[in-house]
Amino acid sequence: MIPIPEDRITTPQAVVLVTNIILGVAILTLPRTSVEKANTPDVWISVILGGLVAMIAGVIMAKLNQRYPSKTFFQYSLEMMGKWMGWLLSLPLLVYFVLLCGFELRALAEVTGLFLLEGTPSWAVMISFVWVGLYLILGGINPIARLFEIIFPITVIIFFLTMFLGIPLFEMDNLRPVLGSGIMPVIKGMETTVFAYTGFEVILLISAFMNRPNKAVTAVMIGILIPMIFYIITMVIVIGVFSVDGVTTRTFPTIDLVRSFELRGVFFERFESLFLVIWIMQMFATYTICHYGAALGLAQLTGKNIHPFIYGLLPAIYITATIPKNINELFKLSDFIGYLSLLLTGLMLLLLIFSKARGEQE
């Protein structure tokens, strides 16, 4: 088996990696999907509960990794269970990364085609991003982490600026009464909000690259907490501006919020293009780390060099991106990825219990 590359990332870089993989398409659609499910303005509470569930799942995965320092899940699954069972356990994670790659790539093309490059064929947009991503991925985990460090502060600035500009349109009455329909709609809304945190499973890989792997739990918890804050603010502002009924009629309510205000006489009079460029970078970030994760997994499972797998996965990712015939089918693919994330969480919990039962030391 090939050794893991000698790349090392810091704890803040690990936090940024987890945060960036989570902050993808969900922030553009979460207000609509969650309100459709729960039919209540209290879905911001569902976001908090969903984030707590994601944190618990992330801690389980980080704890499992800490029992096998400097090894990824793909490596220690073979060590724990043997070759064939290790492959079987690794297959859902491989499929998960490829599906998430395809979903983000297609969503990126849809958003770009609708709002920025109207009339541009989807294949042209997707291939352009694939080749740029390929150039980044070939450099390994360090260039990916450094790019994410650049993207993240820009995202924070643009996000809070656009949300702040939406405050004059905000109506508190659209969020009242709190828990007016009881707690059950909030619980029902968790089915959607939990899925919004998909991607934290990357901790199964990146903790092996951390220069302080004992901080993996801290990294995954903070990495999930930051998107939770983003989601809460987005839900409150978007629902406060459009109301529950208004949100359900919009495919991308967050973008519609940004398009609903303008500042005359400044460099950017309208902010949707700037907001979309930043969020396309977030979708690109999710795509790159998932592509790298799938290729690294195949390389470590087979004991081969990673580069052929990076190239070899391109057709599978592209085909996955083109399977949904329309945006509704794309959202169904997102739901399937969410259920696969729950399956992975259950699987990792069982492996953690099994590892502890065998008495293997951290």
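The model shown is predicted, which means the values in this text are computed figures rather than measured ones.

Enquirer: What should I look at first to understand helix α10 (residues 216–248) in this one?
Expert: Count 3.6 residues to each turn of an α-helix, and residues three or four apart come out pointing the same way. Between its first and last C-alpha atoms α10 spans 38 Å; for 33 residues at 1.5 Å apiece the expected length is 48 Å, and the helix comes up short by more than 12%. At Phe 242, α10 shows its maximal bend, which comes to roughly 95°.

Enquirer: Sorry if this is basic, but what is going on with the layout of surface pockets here?
Expert: Rolled over the atoms, a probe with the dimensions of a water molecule shows which regions are left empty. There is about 550 Å³ of room inside the largest pocket. Lining the largest pocket we find 27 residues, and of these Thr 33, Thr 192, Phe 331, Ser 334 and Asp 335 sit closest to its centre. For the lining of the largest pocket, the elements supplying multiple residues, two or more each, are α1 (11–22), α2 (26–38), α5 (83–115), α8 (184–195) and α14 (327–357). Of the residues in the lining of the largest pocket, the class split is 12 nonpolar, 8 polar and 7 charged.

Enquirer: Mind showing me how you'd approach helix α13 (residues 306–322) here?
Expert: If you check α13, its first and last C-alpha atoms are 25 Å apart, about what 17 residues at 1.5 Å a residue would give, namely 24 Å. Where α13 bends most, at Leu 314, the angle is about 30°, and the proline Pro 315 comes one to four residues later. Those residues of α13 that are buried lie in contact with α5, α6 (122–137) and α12 (272–302). Capping the start of α13, Asn 305 holds a side-chain oxygen 2.9 Å from the backbone nitrogen of His 307, two or three residues further along.

Enquirer: I'm lost on empty space enclosed by the protein in this one. Help?
Expert: Per the stated rule, a full pass over the model turns up 2 cavities of 30 Å³ or more. Space inside the largest cavity adds up to approximately 50 Å³. Surrounding the largest cavity, Ala 62, Asn 65, Gln 66, Tyr 68, Pro 69, Ser 70, Lys 71, Ser 207, Ala 208, Pro 213 and Ala 216 form its lining. The leading source of residues in the lining of the largest cavity is helix α3 (residues 43–66), at 3 residues.

Enquirer: What should I look at first to understand the state of the cysteines in this one?
Expert: One covalent bond between the sulfur atoms of two cysteine residues makes up a disulfide. According to the stated counting rule, one finds 0 disulfides in the structure shown. Here Cys 101 is not cross-linked by a disulfide; its sulfur's nearest cysteine counterpart is in Cys 290, at 4.9 Å.

Enquirer: What is the right way to read a nonpolar patch on the surface from this model?
Expert: A contiguous nonpolar surface patch, about 460 Å² in accessible area, is contributed by Val 178, Leu 179, Ile 183, Met 184 and Ile 187. Take Leu 179: it is sitting in the loop between α7 (141–165) and α8. Relative accessible area serves as the criterion here: at 38%, Leu 179 is assigned to the partly exposed category.

The rules behind each value
- Residues numbered from 1 in each chain as written.
- Predicted model: local features only at pLDDT ≥ 70, side-chain atom pairs only at ≥ 80, totals over all residues.
- Heavy atoms only, no water.
- Helix = DSSP H or I, 4+ residues; strand = E, 2+ residues; numbered from the N terminus.
- Expected span 1.5 Å × (residues − 1).
- Bend = angle between axes of the 7 residues up to and from the residue.
- 1 Å grid on protein atoms, 1.4 Å probe; cavity = no way out; pocket = protein on both sides within 12 Å on 5 of 7 lines; lining within 4 Å.
- Points joined across faces, edges and corners; volume = space filled by probe spheres on them.
- Nonpolar A, V, L, I, M, F, W, Y, C, P; charged D, E, K, R; others polar.
- Contact = heavy atoms within 4.5 Å.
- Polar contact = N/O pair within 3.5 Å; in protein donor to acceptor, adjacent residues only side chain to side chain.
- Disulfide = S-S within 2.5 Å.
- Patch = residues over 30% accessible without salt bridge, like charges linked within 9 Å, V, L, I, M, F, W, Y side chains within 5 Å.
- Areas by Shrake-Rupley, 256 points an atom, 1.4 Å probe, with all protein chains shown as cover.
- Salt bridge = Lys/Arg side-chain N within 4 Å of Asp/Glu carboxyl O.
- Buried < 20%, exposed > 50% of the residue type's maximum accessible area, 1.4 Å probe, protein only.

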